[in-house]
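Descriptive structure summary
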Amino acid sequence: MNEAVLNCVGSAIDQVVPPLCIRNLAVSFGAKRIFSGVDLEVAEGEAVALIGANGSGKSTILRCIVRLVEPIEGSILIRGQDVLSLQGERLKVARSGVGFVFQKHNLVPRLSALSNVLHGAQARARGPGVWFQSLASSQMRDEALTWLDAVGLLPQALQRVDSLSGGQSQRVAIARMLMQRPKLVLVDEPDASLDPKTGREVMELLHRLAKAEGVPILIVSHRLEHVKSYSDRIIGLAGGHVAFNLASAAADPALLRGFFEDAKS
Amino acid sequence: MTDASRSILPRATIPRFERPSAGAFIAWVIVVGLAVWSVGGVGLSPERLARGLPALSGILNRMFPPDLERLPQILWSLLVTFQMAAAGAVLGLILAFPLAALAAEGVSPHPVVRQAARALIALFRTVPDLVWALLFVIAVGLGPPAGVLAIMVDKIGFAGRFFAEAMEETDQGPREALTALGASRLDVLFCAIVPQAMPSFIATSLFSLEKAVRGSVILGLVGAGGVGVELKVAFDLFAYSTAATIIICIFLLVLVVEQSSNWVRRKLI
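On a predicted model such as this, the values are computed, not experimentally measured, just so you know. (Residues numbered from 1 in each chain as written. Chains lettered and ligands numbered in written order. Predicted model: local features only at pLDDT ≥ 70, side-chain atom pairs only at ≥ 80, totals over all residues. Heavy atoms only, no water.)

When its secondary structure is counted, chain A shows nine helices and 10 strands. When contacts within chain A are restricted to residue pairs at least 6 apart in sequence, long-range pairs at least 24 apart make up 65% of them. Working note: accessible area of chain A is about 11200 Å², and carbon and sulfur atoms make up 52% of it. In chain A, the 29 positive side-chain charges and the 26 negative ones have mean positions that sit 6 Å from each other. (Helix = DSSP H or I, 4+ residues; strand = E, 2+ residues; numbered from the N terminus. Contact = heavy atoms within 4.5 Å. Areas by Shrake-Rupley, 256 points an atom, 1.4 Å probe, with all protein chains shown as cover. Lys, Arg positive; Asp, Glu negative; His and termini not counted. Charge placed at Lys NZ, Arg CZ, Asp CG, Glu CD.)

Turning our attention to the packing of aromatic side chains. Taken as a whole, this structure holds 11 aromatic pairs over all chains when the rule is applied. Relative to Phe190 of chain B, the ring of Trp131 of chain A has its centre 4.5 Å away and its plane inclined at 15°; by these criteria the two rings are stacked. With one member in each of two chains, Trp131 of chain A in the loop between helix H4 (113–118) and helix H5 (138–150) and Phe190 of chain B in helix H9 (residues 185–219) form a pair that bridges those chains. Its relative accessible area of 9% is what places Trp131 of chain A among the buried residues. Members of the aromatic cluster, connected to one another through ring pairs, are Trp131 of chain A together with Phe97, Phe163, Phe190 and Phe201 of chain B. Positioned over the ring face of Phe162 of chain B is Arg161 of chain B, at 5.4 Å from the centre of the ring. Stacked on the ring of Phe158 of chain B, the Lys or Arg Lys211 of chain B has its end atom at 5.0 Å from the ring centre. (Phe/Tyr/Trp six-rings, centres within 6.5 Å; stacked < 30°, edge-to-face > 60°. Buried < 20%, exposed > 50% of the residue type's maximum accessible area, 1.4 Å probe, protein only. Lys NZ or Arg CZ within 6 Å of the ring centre and 35° of its normal.)

Another point: the pairing of strand S1 (residues 20–29) of chain A. All names here are of chain A. Among the 10 residues of S1, seven are classified as buried, and the element is accordingly described as predominantly covered. Pairing of S1 with strand S2 (residues 32–42), which is carried by seven bridges, proceeds in the antiparallel orientation. Among the inter-strand pairings, Ile22 is bridged to a residue of S2, identified as Leu40. Linking S1 to S2, which pair antiparallel, is a turn of two residues; within it Gly30 sits at a positive phi near 65°. Pairing geometry for S1 and strand S4 (residues 73–78), over five bridges, is antiparallel. (Pairing = 2+ DSSP bridges.)

Below is the structure:
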């Protein structure tokens, strides 16, 4: 067991390696330090909310986990594997186990909802069979349709995603993430561009599906009611560091509200 | 708006035109000077144009009515011209796609590869198709194959540049999403980039075909086959009425291709 793993599980050999363990993470954009010394863990089946002001680095942490952003310091372990040391095919394999739901959905416009969901299978298959629904095998197609059904969009399967509403697009993005069969899910403000009702429905759906699949989830959100309702633990980022790390049940709503208000100011 | 707020607006002081900066003024002087110098340099003058009008009028008189005696041969050559254009454009577009992918920032696997692909596209684009035709006539001999190759190379340069730009301009979001889930570079290219760039690809391809049809006529003048050869022979033999038939046929072909292209563009984009 290497040093980074020991930092996460302690010295006892029988301790369980968490699905996600971040230690001493630091990111700079040019001369600007975004955050440093960030420690964070997500346990098996746990939903963790990450909160903080705009620019505090919440989304950047999620992007570091899949190496869309390269940190300058620290370690990120996914089930004991240091993703920062991976390159090429091994990095792709590590990424394939991490589902990512983006704030702006990041679907491919001009393609159907079904083709977009099918793209989730690129984590485990290659080639034209996972590019467009018309070229997919019956098995892949059926699985993609199953996930579209799970998010309530089976009737829109062949509709172009650029003709869907914001809430429907986010559901397609969730179905694509589920098609990936992830072992860890990262969610970056899925409710930010949606009206309160649709935002709540999307969060409810994500929470329900993640719990049903037993997948740990790390959520970034600016909505206090969602943070409280759909997470087991809340981590607050402020001033480039972790300001608090509390069980959601124990988190004082007044403290959180104050934190959100500070974050907005 | 209150009277008080109206009165503080300095309307009289808002100029209709902005005074150009010293740099802009110098740039304008250079541009105008360059135009005057160039027109003078090539010896184009109103007197010369006036002197040429009777000769032009004489040629036009001898062109009409057009001579239809060689119409079947002309139509056959026109068909060969269209085939040259279509074959050259399609081959050029097919080869332009991978070269554009290698030249596009964020798609190319390595900066050195990107620079090499860009240099090749620039070479293909900057050398005129007539020069390529001369080279291919020497390489493969007189006739349509030289024309097809010249059009192909020209279209690789033309479409390669626009394909690469279209790929670079696609939204980063879908590309990031697929990269984050472990997709390969090829998966990202075909799933996230190509669908987004498709309207631009279609527009560029149709424009390439139009350009190839217009260009293929000229290529015949240097022996690269098609109706251009007929046109050169007609002028060489002072058979202006036959030349008029050829020019009218070329005009109709270009018109049909452009109108068809516009229709396809409207339907697909």
